[in-house]
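Each chain is listed here by its residues.
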Amino acid sequence: EWPGSSAKKVLVSGCFDLLHSGHVEFFQEAATLGELYVRIGTSDNVQALKGRAPMYSDEERLFIVRQIKGVHNAALSVGSGRFDFVE
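Residues numbered from 1 in each chain as written. Predicted model: local features only at pLDDT ≥ 70, side-chain atom pairs only at ≥ 80, totals over all residues. Heavy atoms only, no water.

Trainee: Would you mind showing me how to read the overall build of the protein here?
Mentor: For the protein, the helix and strand inventory stands at 3 helices and 3 strands. For the protein, the sequential pattern of α-helices and β-strands runs β-α-β-α-α-β. Taking all 87 residues of the protein together, 31% fall into the buried category. Here the analysis covers contacts within the protein between residues at least 6 apart in sequence; of these, 64% occur between residues at least 24 apart. If you sum the accessible surface of the protein, you get close to 5600 Å²; carbon and sulfur atoms cover 54% of it. (Helix = DSSP H or I, 4+ residues; strand = E, 2+ residues; numbered from the N terminus. Buried < 20%, exposed > 50% of the residue type's maximum accessible area, 1.4 Å probe, protein only. Contact = heavy atoms within 4.5 Å. Areas by Shrake-Rupley, 256 points an atom, 1.4 Å probe, with all protein chains shown as cover.)

Written out as structure tokens, the structure is:
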């Protein structure tokens, strides 16, 4: 729990390119544990981690994830690594 809040926060991250039913199920299960915050790797991170450009733009992936029931907040991860998060 974060200071000043009684609700538990749940943070998940990933590239979420080629979003599929497994991702949706993962988000929905994570949301049962508290308010779900999703951080999405940028196109540069996808390129660095997977050796290829993502199929969908940052904005498209962000839009899709934000539409999934249970996602409280979604944003791009602005760092250059897997654990770089900025609110």
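Trainee: Help me understand the nonpolar core in this model?
Mentor: Within the largest apolar cluster, 13 residues are counted, with the highest numbers of intra-cluster contacts made by Phe27, Leu36, Val38, Val65 and Val71. Looking at this core element by element, the count peaks at 3 residues for strand β2 (residues 35-41). What Leu36 contacts, discounting residues up to four positions off in sequence, is Val10, Val12, Phe27, Ala30, Ala31, Gly70, Val71, His72 and Asn73. (Core = buried A, V, L, I, M, F, W, Y, C linked by side-chain atoms within 4.5 Å.)

Trainee: Would you explain unusual backbone geometry in this entry?
Mentor: Trans is the common state for peptide bonds, and a negative phi is the common state for residues other than glycine. In this model, Phe16 sits at a positive phi of 50 degrees, which is unusual for a non-glycine residue. A relative accessible area of 7% means that Phe16 is categorised as buried. The backbone of Leu18 shows a phi angle near 55 degrees, a positive value even though the residue is not glycine. By the secondary structure assignment, Leu18 is in the loop between β1 (9-14) and α1 (21-31).

Trainee: How should α1 be read in this particular structure?
Mentor: At 3.6 residues per turn, the α-helix brings residues three or four places apart onto the same side. Every buried residue belonging to α1 is among His23, Phe27 and Ala30, and all of these are buried. Looking down the long axis of α1, one finds its buried residues gathered within 70 degrees of arc, a one-sided arrangement. In α1, the exposed residues that point more than 90 degrees away from the buried face are Ser21, Glu25 and Glu29. Against β1, β2, α3 (58-66) and β3 (71-77) lie the buried residues of α1. (Arc of directions from axis to C-beta.)

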